[in-house]
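# Structural features, examined
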Protein chains: 2
Amino acid sequence: MVRRTKENAEVTRSQLLDAAEIVFNEKGVARASLAEIASAAGVTRGAIYWHFKDKADLVHAMLERVKLPIDEMVDKLSANQLDDPLNYLRNSAISVLSLVAQDAQTCRVFDIVKHKCELVADMEIGREHELQRRSECICSIETAITTAREQGLIPATINPQITAFAWYAYISGLITCWVLNPGLFSLADEAPGMIDMLLNGLRKREE
Amino acid sequence: MVRRTKENAEVTRSQLLDAAEIVFNEKGVARASLAEIASAAGVTRGAIYWHFKDKADLVHAMLERVKLPIDEMVDKLSANQLDDPLNYLRNSAISVLSLVAQDAQTCRVFDIVKHKCELVADMEIGREHELQRRSECICSIETAITTAREQGLIPATINPQITAFAWYAYISGLITCWVLNPGLFSLADEAPGMIDMLLNGLRKREE
DNA sequence: CTTTACATACATGCGTGTATGTATGTAAGA
DNA sequence: TCTTACATACATACACGCATGTATGTAAAG
(Lines give C-alpha, C1' and ligand atoms only; values in the text may rest on other atoms or scores of the structure.)
Protein backbone atom coordinates (compact mmCIF):
# COMPACT_ATOMS: atom_id res chain seq x y z
CA MET A 1 0.00 0.00 0.00
CA VAL A 2 1.75 3.14 -1.18
CA ARG A 3 1.18 6.67 0.08
CA ARG A 4 0.82 9.41 -2.45
CA THR A 5 -0.40 12.57 -0.77
CA LYS A 6 1.98 15.17 0.60
CA GLU A 7 0.82 14.54 4.14
CA ASN A 8 1.49 10.85 3.79
CA ALA A 9 4.92 11.57 2.38
CA GLU A 10 5.72 13.59 5.48
CA VAL A 11 4.62 10.64 7.60
CA THR A 12 6.95 8.38 5.65
CA ARG A 13 9.81 10.81 6.09
CA SER A 14 9.18 10.98 9.79
CA GLN A 15 9.01 7.20 10.08
CA LEU A 16 12.30 6.93 8.22
CA LEU A 17 13.93 9.27 10.75
CA ASP A 18 12.45 7.27 13.62
CA ALA A 19 13.72 4.05 12.11
CA ALA A 20 17.13 5.61 11.52
CA GLU A 21 17.39 6.53 15.20
CA ILE A 22 16.59 3.00 16.27
CA VAL A 23 18.80 1.20 13.77
CA PHE A 24 21.72 3.59 14.28
CA ASN A 25 21.39 2.98 17.99
CA GLU A 26 21.54 -0.77 17.52
CA LYS A 27 24.22 -1.11 14.88
CA GLY A 28 26.03 2.19 14.87
CA VAL A 29 25.92 4.65 11.99
CA ALA A 30 28.66 2.99 9.94
CA ARG A 31 27.27 -0.54 10.12
CA ALA A 32 23.64 0.35 9.68
CA SER A 33 22.57 -0.23 6.09
CA LEU A 34 19.99 1.89 4.37
CA ALA A 35 18.11 -1.28 3.49
CA GLU A 36 17.70 -2.12 7.14
CA ILE A 37 16.50 1.38 8.00
CA ALA A 38 13.99 1.32 5.16
CA SER A 39 12.78 -2.10 6.21
CA ALA A 40 12.33 -0.93 9.80
CA ALA A 41 10.22 1.94 8.49
CA GLY A 42 8.13 -0.40 6.36
CA VAL A 43 9.39 0.93 3.03
CA THR A 44 12.26 0.24 0.66
CA ARG A 45 15.49 2.06 -0.06
CA GLY A 46 13.72 3.91 -2.83
CA ALA A 47 11.88 5.94 -0.23
CA ILE A 48 15.11 6.93 1.48
CA TYR A 49 16.69 8.09 -1.78
CA TRP A 50 13.56 10.04 -2.55
CA HIS A 51 13.54 11.95 0.75
CA PHE A 52 17.29 12.19 1.35
CA LYS A 53 20.33 12.61 -0.85
CA ASP A 54 22.32 9.87 0.86
CA LYS A 55 23.16 8.43 4.25
CA ALA A 56 24.90 11.60 5.45
CA ASP A 57 21.85 13.66 4.57
CA LEU A 58 19.66 11.28 6.54
CA VAL A 59 21.91 11.64 9.58
CA HIS A 60 21.85 15.41 9.36
CA ALA A 61 18.08 15.47 9.16
CA MET A 62 17.92 13.22 12.21
CA LEU A 63 20.16 15.61 14.14
CA GLU A 64 18.20 18.67 13.09
CA ARG A 65 15.03 17.20 14.55
CA VAL A 66 16.41 17.33 18.09
CA LYS A 67 18.82 20.22 17.66
CA LEU A 68 15.98 22.66 17.18
CA PRO A 69 14.23 22.04 20.53
CA ILE A 70 17.54 22.24 22.37
CA ASP A 71 18.59 25.47 20.71
CA GLU A 72 15.18 26.89 21.45
CA MET A 73 15.54 26.08 25.12
CA VAL A 74 19.02 27.56 25.34
CA ASP A 75 17.89 30.72 23.57
CA LYS A 76 14.96 31.05 25.93
CA LEU A 77 17.27 30.90 28.90
CA SER A 78 19.99 33.17 27.60
CA ALA A 79 17.52 35.89 26.70
CA ASN A 80 17.17 37.86 29.90
CA GLN A 81 19.22 36.25 32.64
CA LEU A 82 22.52 38.06 32.18
CA ASP A 83 21.81 40.03 35.35
CA ASP A 84 22.20 36.75 37.26
CA PRO A 85 24.87 34.90 35.26
CA LEU A 86 25.52 32.11 37.73
CA ASN A 87 21.85 31.21 37.84
CA TYR A 88 21.76 31.28 34.06
CA LEU A 89 24.55 28.75 33.94
CA ARG A 90 22.81 26.63 36.55
CA ASN A 91 19.39 26.74 34.91
CA SER A 92 20.58 26.11 31.38
CA ALA A 93 22.67 23.16 32.48
CA ILE A 94 19.86 21.64 34.50
CA SER A 95 17.46 22.16 31.60
CA VAL A 96 19.64 20.32 29.14
CA LEU A 97 20.22 17.44 31.53
CA SER A 98 16.52 17.21 32.27
CA LEU A 99 15.66 17.22 28.60
CA VAL A 100 18.02 14.35 27.92
CA ALA A 101 16.68 12.51 30.95
CA GLN A 102 13.04 12.90 30.05
CA ASP A 103 12.85 12.82 26.27
CA ALA A 104 13.63 9.38 24.91
CA GLN A 105 14.29 10.72 21.42
CA THR A 106 16.83 13.27 22.60
CA CYS A 107 18.45 10.58 24.70
CA ARG A 108 18.70 8.22 21.73
CA VAL A 109 20.20 10.83 19.45
CA PHE A 110 22.72 11.91 22.08
CA ASP A 111 23.71 8.28 22.48
CA ILE A 112 24.21 8.00 18.73
CA VAL A 113 26.30 11.16 18.54
CA LYS A 114 28.42 10.28 21.56
CA HIS A 115 28.87 6.55 21.15
CA LYS A 116 27.57 5.31 17.82
CA CYS A 117 29.24 7.40 15.18
CA GLU A 118 32.71 8.39 14.10
CA LEU A 119 33.76 12.02 14.00
CA VAL A 120 36.09 12.09 11.02
CA ALA A 121 36.42 14.34 8.02
CA ASP A 122 33.91 13.80 5.19
CA MET A 123 31.89 11.67 7.58
CA GLU A 124 28.20 11.70 8.36
CA ILE A 125 28.85 13.89 11.39
CA GLY A 126 31.73 16.21 10.68
CA ARG A 127 34.41 16.87 13.27
CA GLU A 128 34.75 20.48 12.20
CA HIS A 129 31.03 20.99 12.45
CA GLU A 130 31.00 19.54 15.95
CA LEU A 131 33.95 21.69 16.96
CA GLN A 132 32.20 24.81 15.77
CA ARG A 133 29.01 24.06 17.66
CA ARG A 134 31.05 23.43 20.77
CA SER A 135 32.96 26.64 20.30
CA GLU A 136 29.76 28.66 20.16
CA CYS A 137 28.43 27.00 23.29
CA ILE A 138 31.64 27.57 25.24
CA CYS A 139 31.68 31.17 24.09
CA SER A 140 28.23 31.69 25.53
CA ILE A 141 29.31 30.16 28.83
CA GLU A 142 32.41 32.31 28.87
CA THR A 143 30.33 35.45 28.58
CA ALA A 144 28.31 34.49 31.64
CA ILE A 145 31.45 33.71 33.64
CA THR A 146 33.12 36.96 32.69
CA THR A 147 30.01 38.81 33.75
CA ALA A 148 29.94 36.94 37.03
CA ARG A 149 33.55 37.84 37.64
CA GLU A 150 32.86 41.50 36.99
CA GLN A 151 30.05 41.31 39.50
CA GLY A 152 32.40 39.82 42.09
CA LEU A 153 30.44 36.57 42.32
CA ILE A 154 33.51 34.49 41.57
CA PRO A 155 37.20 35.10 42.35
CA ALA A 156 38.98 37.55 40.06
CA THR A 157 41.81 35.06 39.64
CA ILE A 158 39.92 32.50 37.59
CA ASN A 159 40.39 32.23 33.85
CA PRO A 160 37.00 32.57 32.11
CA GLN A 161 38.04 30.67 29.01
CA ILE A 162 39.40 27.66 30.87
CA THR A 163 36.51 27.69 33.29
CA ALA A 164 33.98 27.80 30.47
CA PHE A 165 35.70 24.85 28.86
CA ALA A 166 35.59 22.92 32.14
CA TRP A 167 31.93 23.74 32.62
CA TYR A 168 31.10 22.52 29.13
CA ALA A 169 33.22 19.40 29.59
CA TYR A 170 31.43 18.63 32.86
CA ILE A 171 27.96 18.81 31.35
CA SER A 172 29.03 16.99 28.23
CA GLY A 173 30.67 14.32 30.34
CA LEU A 174 27.61 13.89 32.52
CA ILE A 175 25.35 13.41 29.52
CA THR A 176 27.78 11.15 27.70
CA CYS A 177 28.31 8.93 30.72
CA TRP A 178 24.67 8.82 31.65
CA VAL A 179 23.29 7.82 28.25
CA LEU A 180 25.66 4.87 28.28
CA ASN A 181 23.56 3.48 31.13
CA PRO A 182 20.38 5.50 31.75
CA GLY A 183 19.07 3.01 34.28
CA LEU A 184 21.87 3.76 36.75
CA PHE A 185 20.04 6.66 38.40
CA SER A 186 17.54 9.39 37.63
CA LEU A 187 19.47 12.14 35.88
CA ALA A 188 16.62 14.60 36.31
CA ASP A 189 16.61 14.11 40.09
CA GLU A 190 20.35 14.35 40.56
CA ALA A 191 21.05 17.10 38.01
CA PRO A 192 20.75 20.09 40.41
CA GLY A 193 23.04 18.52 42.98
CA MET A 194 25.66 17.60 40.40
CA ILE A 195 25.61 21.02 38.80
CA ASP A 196 25.88 22.74 42.19
CA MET A 197 28.92 20.63 42.98
CA LEU A 198 30.94 22.38 40.28
CA LEU A 199 29.21 25.71 40.80
CA ASN A 200 30.10 25.77 44.50
CA GLY A 201 33.72 25.12 43.65
CA LEU A 202 33.58 28.06 41.32
CA ARG A 203 31.78 30.47 43.64
CA LYS A 204 33.63 32.92 45.82
CA ARG A 205 33.88 31.83 49.44
CA GLU A 206 32.11 33.94 52.03
CA GLU A 207 34.28 35.28 54.81
CA MET B 1 62.75 -7.56 1.58
CA VAL B 2 60.95 -9.72 4.09
CA ARG B 3 61.71 -10.06 7.79
CA ARG B 4 61.96 -13.54 9.23
CA THR B 5 63.57 -13.41 12.65
CA LYS B 6 61.48 -13.17 15.79
CA GLU B 7 62.81 -9.73 16.60
CA ASN B 8 61.91 -8.44 13.17
CA ALA B 9 58.45 -9.92 13.50
CA GLU B 10 57.95 -7.94 16.70
CA VAL B 11 59.00 -4.82 14.87
CA THR B 12 56.46 -5.54 12.15
CA ARG B 13 53.75 -6.08 14.76
CA SER B 14 54.63 -2.83 16.43
CA GLN B 15 54.63 -0.96 13.13
CA LEU B 16 51.21 -2.41 12.33
CA LEU B 17 49.85 -1.08 15.62
CA ASP B 18 51.42 2.32 14.96
CA ALA B 19 49.90 2.38 11.50
CA ALA B 20 46.54 1.31 12.89
CA GLU B 21 46.54 4.24 15.31
CA ILE B 22 47.27 6.70 12.52
CA VAL B 23 44.81 5.30 10.00
CA PHE B 24 42.04 4.84 12.57
CA ASN B 25 42.58 8.43 13.59
CA GLU B 26 42.24 9.61 10.02
CA LYS B 27 39.39 7.48 8.75
CA GLY B 28 37.74 6.11 11.85
CA VAL B 29 37.77 2.47 12.84
CA ALA B 30 34.84 1.45 10.66
CA ARG B 31 36.07 3.06 7.45
CA ALA B 32 39.70 2.13 7.81
CA SER B 33 40.47 -0.91 5.69
CA LEU B 34 43.06 -3.47 6.69
CA ALA B 35 44.70 -2.98 3.31
CA GLU B 36 45.30 0.68 4.09
CA ILE B 37 46.74 -0.08 7.52
CA ALA B 38 49.04 -2.71 6.07
CA SER B 39 50.14 -0.34 3.35
CA ALA B 40 50.88 2.38 5.90
CA ALA B 41 53.04 -0.11 7.77
CA GLY B 42 54.87 -1.08 4.60
CA VAL B 43 53.48 -4.63 4.49
CA THR B 44 50.43 -6.39 3.06
CA ARG B 45 47.25 -7.71 4.63
CA GLY B 46 48.93 -11.07 5.01
CA ALA B 47 51.05 -9.65 7.82
CA ILE B 48 47.98 -8.41 9.67
CA TYR B 49 46.24 -11.78 9.47
CA TRP B 50 49.41 -13.43 10.68
CA HIS B 51 49.75 -11.25 13.77
CA PHE B 52 46.05 -10.68 14.52
CA LYS B 53 42.91 -12.73 14.17
CA ASP B 54 40.90 -9.97 12.56
CA LYS B 55 40.20 -6.26 12.76
CA ALA B 56 38.71 -6.46 16.24
CA ASP B 57 41.78 -8.25 17.52
CA LEU B 58 43.98 -5.53 16.06
CA VAL B 59 41.94 -2.86 17.83
CA HIS B 60 42.14 -4.68 21.14
CA ALA B 61 45.91 -5.03 20.84
CA MET B 62 46.15 -1.32 20.11
CA LEU B 63 44.14 -0.53 23.25
CA GLU B 64 46.16 -2.88 25.44
CA ARG B 65 49.35 -1.06 24.51
CA VAL B 66 48.21 2.15 26.21
CA LYS B 67 45.86 0.63 28.77
CA LEU B 68 48.74 -0.94 30.62
CA PRO B 69 50.63 2.29 31.41
CA ILE B 70 47.42 3.98 32.52
CA ASP B 71 46.39 1.13 34.77
CA GLU B 72 49.88 1.10 36.18
CA MET B 73 49.65 4.76 37.06
CA VAL B 74 46.26 4.43 38.69
CA ASP B 75 47.43 1.42 40.68
CA LYS B 76 50.51 3.28 41.79
CA LEU B 77 48.40 6.10 43.16
CA SER B 78 45.72 3.99 44.79
CA ALA B 79 48.26 1.87 46.63
CA ASN B 80 48.85 3.78 49.81
CA GLN B 81 46.94 7.03 49.80
CA LEU B 82 43.68 5.93 51.40
CA ASP B 83 44.66 7.88 54.52
CA ASP B 84 44.28 11.04 52.44
CA PRO B 85 41.43 10.15 50.06
CA LEU B 86 40.85 13.63 48.67
CA ASN B 87 44.46 13.98 47.69
CA TYR B 88 44.31 10.55 46.10
CA LEU B 89 41.42 11.67 43.94
CA ARG B 90 43.26 14.85 43.07
CA ASN B 91 46.55 13.20 42.22
CA SER B 92 45.14 10.36 40.19
CA ALA B 93 42.99 12.72 38.16
CA ILE B 94 45.88 15.09 37.49
CA SER B 95 48.11 12.17 36.54
CA VAL B 96 45.70 10.84 33.96
CA LEU B 97 45.15 14.28 32.46
CA SER B 98 48.89 14.91 32.34
CA LEU B 99 49.54 11.59 30.69
CA VAL B 100 47.02 12.31 27.96
CA ALA B 101 48.45 15.79 27.54
CA GLN B 102 52.06 14.69 27.27
CA ASP B 103 52.01 11.33 25.52
CA ALA B 104 51.03 11.63 21.89
CA GLN B 105 50.22 7.96 21.61
CA THR B 106 47.85 7.97 24.57
CA CYS B 107 46.25 11.08 23.15
CA ARG B 108 45.73 9.45 19.76
CA VAL B 109 44.22 6.31 21.23
CA PHE B 110 41.90 8.31 23.49
CA ASP B 111 40.78 10.27 20.48
CA ILE B 112 40.04 7.05 18.64
CA VAL B 113 38.08 5.58 21.54
CA LYS B 114 36.10 8.74 22.19
CA HIS B 115 35.48 10.02 18.69
CA LYS B 116 36.55 7.52 16.05
CA CYS B 117 34.78 4.29 16.90
CA GLU B 118 31.28 3.01 17.54
CA LEU B 119 30.38 1.40 20.84
CA VAL B 120 27.86 -1.23 19.78
CA ALA B 121 27.44 -4.88 20.53
CA ASP B 122 29.77 -7.29 18.70
CA MET B 123 31.83 -4.30 17.65
CA GLU B 124 35.55 -3.75 17.79
CA ILE B 125 35.19 -1.97 21.12
CA GLY B 126 32.33 -3.50 23.06
CA ARG B 127 29.86 -1.35 24.93
CA GLU B 128 29.56 -3.87 27.73
CA HIS B 129 33.31 -4.01 28.08
CA GLU B 130 33.53 -0.24 28.28
CA LEU B 131 30.72 -0.15 30.84
CA GLN B 132 32.51 -2.65 33.03
CA ARG B 133 35.78 -0.75 32.97
CA ARG B 134 33.91 2.41 33.88
CA SER B 135 32.11 0.66 36.67
CA GLU B 136 35.38 -0.47 38.23
CA CYS B 137 36.82 3.01 38.00
CA ILE B 138 33.77 4.64 39.56
CA CYS B 139 33.79 2.03 42.30
CA SER B 140 37.35 2.97 43.17
CA ILE B 141 36.41 6.65 43.30
CA GLU B 142 33.39 5.86 45.44
CA THR B 143 35.58 4.15 48.01
CA ALA B 144 37.74 7.25 48.35
CA ILE B 145 34.71 9.48 48.70
CA THR B 146 33.11 7.29 51.31
CA THR B 147 36.37 7.31 53.25
CA ALA B 148 36.55 11.08 52.99
CA ARG B 149 33.01 11.35 54.29
CA GLU B 150 33.82 9.15 57.25
CA GLN B 151 36.77 11.38 58.01
CA GLY B 152 34.52 14.43 57.91
CA LEU B 153 36.37 15.97 54.97
CA ILE B 154 33.19 16.35 52.96
CA PRO B 155 29.58 16.93 54.07
CA ALA B 156 27.75 13.88 55.39
CA THR B 157 24.79 14.69 53.17
CA ILE B 158 26.46 13.88 49.86
CA ASN B 159 25.75 10.68 48.00
CA PRO B 160 29.04 8.82 47.33
CA GLN B 161 27.73 6.91 44.34
CA ILE B 162 26.38 9.95 42.54
CA THR B 163 29.42 12.01 43.44
CA ALA B 164 31.77 9.32 42.16
CA PHE B 165 29.83 9.24 38.91
CA ALA B 166 30.08 13.02 38.60
CA TRP B 167 33.80 12.95 39.32
CA TYR B 168 34.35 10.32 36.65
CA ALA B 169 32.16 12.17 34.18
CA TYR B 170 34.11 15.38 34.78
CA ILE B 171 37.49 13.81 34.09
CA SER B 172 36.16 11.83 31.16
CA GLY B 173 34.55 14.97 29.76
CA LEU B 174 37.72 17.00 30.14
CA ILE B 175 39.77 14.43 28.28
CA THR B 176 37.16 13.86 25.60
CA CYS B 177 36.71 17.56 24.93
CA TRP B 178 40.40 18.32 25.00
CA VAL B 179 41.52 15.64 22.56
CA LEU B 180 39.04 17.05 20.08
CA ASN B 181 41.25 20.14 19.92
CA PRO B 182 44.53 19.69 21.80
CA GLY B 183 45.89 23.00 20.60
CA LEU B 184 43.30 25.00 22.50
CA PHE B 185 45.33 25.16 25.72
CA SER B 186 47.89 23.16 27.69
CA LEU B 187 45.97 20.47 29.53
CA ALA B 188 48.93 19.68 31.75
CA ASP B 189 49.15 23.28 32.94
CA GLU B 190 45.45 23.74 33.61
CA ALA B 191 44.71 20.29 35.01
CA PRO B 192 45.27 21.10 38.72
CA GLY B 193 43.09 24.20 38.58
CA MET B 194 40.28 22.39 36.79
CA ILE B 195 40.39 19.45 39.17
CA ASP B 196 40.39 21.74 42.19
CA MET B 197 37.33 23.47 40.82
CA LEU B 198 35.20 20.39 41.35
CA LEU B 199 37.10 19.34 44.45
CA ASN B 200 36.44 22.66 46.18
CA GLY B 201 32.76 22.32 45.46
CA LEU B 202 32.87 18.93 47.08
CA ARG B 203 34.92 19.90 50.14
CA LYS B 204 33.28 20.84 53.40
CA ARG B 205 33.24 24.57 54.00
CA GLU B 206 35.25 25.90 56.93
CA GLU B 207 33.36 27.85 59.53
C1' DC C 1 -1.45 14.17 -18.74
C1' DT C 2 2.16 15.30 -15.83
C1' DT C 3 4.25 14.98 -11.46
C1' DT C 4 4.71 12.76 -7.14
C1' DA C 5 6.19 9.11 -4.16
C1' DC C 6 7.76 5.53 -3.95
C1' DA C 7 9.18 0.08 -5.49
C1' DT C 8 12.10 -2.79 -8.20
C1' DA C 9 16.04 -4.12 -10.73
C1' DC C 10 20.67 -3.73 -11.99
C1' DA C 11 25.60 -2.60 -12.08
C1' DT C 12 29.51 -1.70 -9.52
C1' DG C 13 33.00 -1.56 -6.12
C1' DC C 14 35.04 -2.56 -2.00
C1' DG C 15 36.39 -5.10 2.08
C1' DT C 16 36.88 -9.33 4.22
C1' DG C 17 38.43 -13.97 4.98
C1' DT C 18 40.88 -17.75 3.43
C1' DA C 19 43.67 -20.61 0.72
C1' DT C 20 47.93 -21.04 -1.17
C1' DG C 21 52.71 -19.79 -2.44
C1' DT C 22 57.40 -18.78 -0.94
C1' DA C 23 61.66 -17.38 0.97
C1' DT C 24 64.06 -17.35 5.04
C1' DG C 25 65.19 -18.85 9.89
C1' DT C 26 66.23 -22.62 12.88
C1' DA C 27 67.06 -26.85 15.00
C1' DA C 28 68.31 -31.74 14.69
C1' DG C 29 70.84 -35.49 12.90
C1' DA C 30 74.81 -37.60 10.52
C1' DT D 1 79.85 -28.78 9.77
C1' DC D 2 76.77 -29.59 6.41
C1' DT D 3 72.49 -31.11 5.08
C1' DT D 4 67.66 -32.09 5.86
C1' DA D 5 63.17 -30.97 7.61
C1' DC D 6 60.13 -28.15 9.37
C1' DA D 7 58.32 -23.75 11.22
C1' DT D 8 58.06 -18.92 10.67
C1' DA D 9 56.65 -14.61 8.53
C1' DC D 10 54.86 -12.89 5.49
C1' DA D 11 52.95 -12.01 0.02
C1' DT D 12 49.67 -13.16 -3.46
C1' DA D 13 45.41 -14.67 -5.38
C1' DC D 14 40.69 -15.82 -5.23
C1' DA D 15 35.83 -16.08 -3.94
C1' DC D 16 32.17 -14.14 -1.64
C1' DG D 17 28.84 -11.07 0.29
C1' DC D 18 27.08 -6.76 0.97
C1' DA D 19 26.12 -1.88 0.59
C1' DT D 20 25.69 1.80 -2.41
C1' DG D 21 23.95 4.51 -6.25
C1' DT D 22 21.27 4.81 -10.20
C1' DA D 23 18.10 3.68 -13.72
C1' DT D 24 13.70 2.35 -14.64
C1' DG D 25 8.88 0.95 -13.59
C1' DT D 26 4.32 2.32 -11.73
C1' DA D 27 0.14 3.67 -9.45
C1' DA D 28 -2.15 7.42 -7.52
C1' DA D 29 -2.63 12.55 -6.91
C1' DG D 30 -3.50 16.97 -8.90
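Since the model is a prediction, treat every value here as computed from it, not as a measurement.

Turning our eyes to something else, we now look at the overall build of chain A. Of the regular secondary structure elements, chain A holds nine helices and zero strands. Mapped from its N terminus to its C terminus, chain A presents α and β elements in the order α-α-α-α-α-α-α-α-α. Dimensions of chain A along its principal axes, counting C-alpha atoms only, are 75 × 30 × 30 Å. The 207 residues of chain A split such that 48% are buried. Looking at chain A alone, contacts between residues at least 24 apart form 67% of all its contacts between residues at least 6 apart. Carbon and sulfur atoms form 51% of the exposed surface of chain A, whose accessible area is close to 10,000 Å².

This part covers the UniProt feature "domain: HTH tetR-type" (unreviewed entry) in chain A. Per the UniProt record, the feature "domain: HTH tetR-type" (unreviewed entry) sits at residues 10-70 of chain A. Between the C-alpha atoms that bound residues 10-70 of chain A the distance is 22 Å, and the span itself is 79% helix and 0% strand.

With that out of the way, let us pick up the pattern of salt bridges. A side chain of one charge can pair with a side chain of the opposite charge when the charged atoms of the two come close. All names here are of chain B. The full count for this structure, using the stated rule, is 20 salt bridges over all chains. The salt bridge involving D18 is made with R65; its shortest N-O contact spans 3.0 Å. Here the residue D18 occupies a position in helix α1 (residues 6-27), and R65 occupies one in helix α4 (residues 55-78), the gap between them amounting to 47 residues. Residue R65 is classed as partly exposed on the basis of its relative accessible area, which comes to 24%. Linking K116 and D111 is a salt bridge whose minimum nitrogen-to-oxygen distance equals 3.5 Å.

Bringing the interface of chain A and chain B into the picture now. Taken together, the contact between chain A and chain B spans 46 residues of the former and 46 residues of the latter. Both sides of the chain A and chain B interface together cover about 4,100 Å² of buried area, and 63% of this is carbon and sulfur. Seen at the junction of chain A and chain B, the total is two salt bridges. Between D111(B) and R127(A) there is a salt bridge whose closest N-O contact spans 2.7 Å. Across the chain A-chain B interface, the total number found is twelve residue pairs in polar contact (both at pLDDT 80 or more). The set of elements that each furnish at least two residues to the side of chain A that touches chain B consists of α1 (6-27), α6 (104-115), α7 (127-150), α8 (160-179) and α9 (187-202) of chain A. The element best represented in the side of chain A that touches chain B is α8(A), accounting for 13 residues. Taken together, the residues of the side of chain A that touches chain B break down into 24 nonpolar, nine polar and 13 charged.

Parameters at a glance
Residues numbered from 1 in each chain as written. Chains lettered and ligands numbered in written order. Predicted model: local features only at pLDDT ≥ 70, side-chain atom pairs only at ≥ 80, totals over all residues. Heavy atoms only, no water. Helix = DSSP H or I, 4+ residues; strand = E, 2+ residues; numbered from the N terminus. Buried < 20%, exposed > 50% of the residue type's maximum accessible area, 1.4 Å probe, protein only. Contact = heavy atoms within 4.5 Å. Areas by Shrake-Rupley, 256 points an atom, 1.4 Å probe, with all protein chains shown as cover. UniProt positions renumbered as here; feature names shortened; annotations may be inferred. Salt bridge = Lys/Arg side-chain N within 4 Å of Asp/Glu carboxyl O. Buried area = accessible area lost by both parts, 1.4 Å probe. Polar contact = N/O pair within 3.5 Å; in protein donor to acceptor, adjacent residues only side chain to side chain. Nonpolar A, V, L, I, M, F, W, Y, C, P; charged D, E, K, R; others polar.

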